[in-house]
Amino acid sequence: MIDKSVASATAAVADIQNGASIMIGGFGTAGMPDELIEALIARGVRDLTIISNNAGNGETGVAALMKEKRVRKIICSFPRQADSHHFDALYHAGEIELELVPQGNLAARIQAAGAGLGAIFTPTGFGTLLAEGKETRNIAGRDYVLEYPIHADVALIKALQGDRWGNLVYRKTARNFGPIMAMAAKTAIAQVAEIVPLGGLDPEAVVTPGIFVQRVVPINAAAALAA
Amino acid sequence: MERLDRKAMAARVARDIPEGAYVNLGIGLPTMVANYLPADKDIFLQSENGVLGMGPAPAPGLEDPELINAGKQPVTLLDGGCFFHHADSFAMMRGGHLDICVLGAFQVSATGDIANWHTGAPGAIPAVGGAMDLAIGAKQILVMMELLTKTGESKLVERCTYPLTGIGCISRVYTDLGTFSVGPQGAGIVDLVPGFSIEDARRSTGLKLDAAALAA
């Protein structure tokens, strides 16, 4: 019997090593897998490369990783926000490397990794600072920039429900990067509010097929929904 | 002159959005356009974090932290609305499926370049988000901004001096002093507020500003 469910967040992240590249789902705090990140911090790993849309909001999630100085490099689209003070301090102190990627290119590069593409040509960013030095091509009259896929060792994502085969459904705008990050990482770990029996998810409504997910961790449903 | 306030600017933009349009409203000033869209018409609002058919802000106490817009503010979902992941969301832009994007800007050039993501100031932390995707992300990209800076410099310019977000992508600029067309033919006047003349507009912007559309 295959059972991808893992009893605790601590057990789910127990083999993540120093220097790992880690995709973290979430747009702001919606979809941020806070409990998995707390377990990662408790594990003590450092020199991480984080791929996430933002560089942390407030005190939890990616912000907590920043506060604990566990991140060597972040690849993101929108680091600077009203509540990104932990990232801001590291950046100004020169203690973190930033690779800034337009949000749609971030999504496309992650998706390309999961889909096995060698690269993509994207129109976004053509002629701007963020495309400087990159290969370009005019295809059928439109200008494109060559961008490479973003792979990761691990993806930490948050979904609403999962089953023991790893199938996932999400909740509202907390879905955001979850489905594509699950595809792009060697090990995708999803925290869910509830693990349901096989057959408990409508197969027509499954968003992430279990083939993309290696571990599913139930996190207290009431707390996860209220978070 | 009868300078438009921000509400009046939002109402002006809303008048040009037809029923059936799929629309993304950028963070900040453009978000206000939603308040002036006619309630009796189906206009589909997209938010790049993964919502189509986005509704207004919820009543106090009914906010859901997992139902937010691109500005990370709580919103609602209309009946018929739906959710999707980020790759699908940006495919809606890049793939030319959206009809209209409305963006704020630091500067727009006469040929339709836009600068709205980074001032380039030393020490400033750059953040781009979806700005570059949105700048090329619809059949029509509109800008909504005040025409002049607080120190009186035109934000409609011959060439942008701030780092560019997109090249030749803007078609129309809605401002507090009038509406302007931009593109390969250069900048033109669509309308001006009463008391702000063609000469005033040309003097304020330093641009030639074709006024043929206005005369017609």
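Above this note sits the structure.
**Some thoughts on the sheet that holds strand β12 (residues 188–192) of chain B**
All names here are of chain B.
Working step 1: With mixed pairing, the nine strands of this open sheet are ordered in space as β4-β3-β2-β1-β5-β8-β10-β11-β12. Sheet topology places β4 (76–83) and β12 at the edges, where each strand pairs with a single neighbour. The mean angle between the axes of side-by-side strands here comes to 25 degrees, regardless of whether they run parallel or antiparallel.
Working step 2: Sheet topology note: the strand β3 (residues 51–55)/β4 ladder contains four bridges and is antiparallel. Bridged to M54 within β4 is L77.

**Some points on the sheet that holds strand β7 (residues 142–147) of chain A**
Residues and elements named next belong to chain A.
Working step 1: Taken together, the three strands give an open sheet; going across it, the order is β5-β7-β6, and neighbouring strands pair in antiparallel fashion. With partners counted over all chains shown, the strands left at the sheet margins are β5 (120–122) and β6 (136–139), one partner each. Across the sheet, the axes of successive neighbouring strands diverge by a mean angle of 40 degrees, strand direction being ignored.
Working step 2: Two strands pair when backbone bridges link them, and β6 and β7 are joined in this way by four bridges, in the antiparallel orientation.

**Focus: the interface of chain A and chain B**
Working step 1: With 35 residues of chain A at the contact, the number on the chain B side is 30 residues.
Working step 2: When residues of the side of chain A that touches chain B are traced back to their parent elements, those giving at least two are α4 (85–92), α5 (103–115) and α6 (178–184) of chain A.
Working step 3: When residues in the side of chain A that touches chain B are grouped by element, the largest group, five residues, is from α5 of chain A.
Working step 4: When grouped by side-chain class, the residues that make up the side of chain A that touches chain B number 17 nonpolar, 13 polar and five charged.

**So, helix α2 (residues 34–43) of chain A**
All names here are of chain A.
Working step 1: Within α2, the full set of buried residues consists of D34, E35, L36, I37, A39 and L40.
Working step 2: In this fold, the buried residues of α2 make contact with α1 (9–12), β1 (21–24), α3 (62–67), β8 (152–162), β10 (185–195) and β11 (215–218).
Working step 3: One or two residues past the end of α2 sits G44, with phi positive at roughly 90 degrees.

**With respect to the pairing of β12 of chain B**
Regular strands have side chains that alternate between both faces of the sheet.
Working step 1: Across four bridges, the pairing between strand β11 (residues 178–181) of chain B and β12 of chain B is antiparallel. Residue pairing in the sheet places S181 of chain B in a bridge with G188 of chain B of β12 of chain B.

**Structural notes on the nonpolar core**
Working step 1: The biggest cluster of nonpolar side chains holds 135 residues, and the ones touching the most others in it are A155 and A184 of chain A together with V143 of chain B.
Working step 2: The biggest single contributor to this core is β8 of chain A, with seven residues.
Working step 3: Apart from residues no more than four positions distant in its own chain, A155 of chain A is found in contact with M23, M181, A182, A184, A185, A188 and I189 of chain A.

**Comments concerning α5 of chain A**
Residue and element names in this part refer to chain A.
Working step 1: Over its 13 residues, α5 runs 18 Å from end to end, which matches the ideal 18 Å to within 8%, given 1.5 Å per residue.
Working step 2: Most of α5 is tucked away: 12 of the 13 residues are buried.
Working step 3: Among the residues of α5, Q103, G104, N105, L106, A107, A108, R109, I110, Q111, A112, A113 and G114 are the ones counted as buried.
Working step 4: A positive backbone phi angle near 75 degrees is found at G116, which sits one or two residues after α5.

**Here we look at the pairing of β10 of chain A**
Working step 1: Here β8 of chain A pairs with β10 of chain A via nine bridges, running parallel. Residue A155 of chain A lies in a different strand from β10 of chain A, and its bridge partner there is A188 of chain A.

**Examining unusual backbone geometry**
Working step 1: The backbone of K69 of chain A sits at a positive phi, close to 60 degrees, despite the residue not being glycine.
Working step 2: With respect to the helices and strands, K69 of chain A occurs in the loop between α3 and β3 (71–76).

Cut-offs applied
- Residues numbered from 1 in each chain as written.
- Chains lettered and ligands numbered in written order.
- Predicted model: local features only at pLDDT ≥ 70, side-chain atom pairs only at ≥ 80, totals over all residues.
- Pairing = 2+ DSSP bridges.
- Helix = DSSP H or I, 4+ residues; strand = E, 2+ residues; numbered from the N terminus.
- Axes fitted to C-alpha atoms, helices over the stretch in contact; angles between N-to-C directions.
- Contact = placed C-beta atoms within 7 Å.
- Nonpolar A, V, L, I, M, F, W, Y, C, P; charged D, E, K, R; others polar.
- Buried ≥ 20, exposed ≤ 12 C-beta atoms within 10 Å, placed from the backbone.
- Core = buried A, V, L, I, M, F, W, Y, C linked by C-beta atoms within 7 Å.
- Expected span 1.5 Å × (residues − 1).

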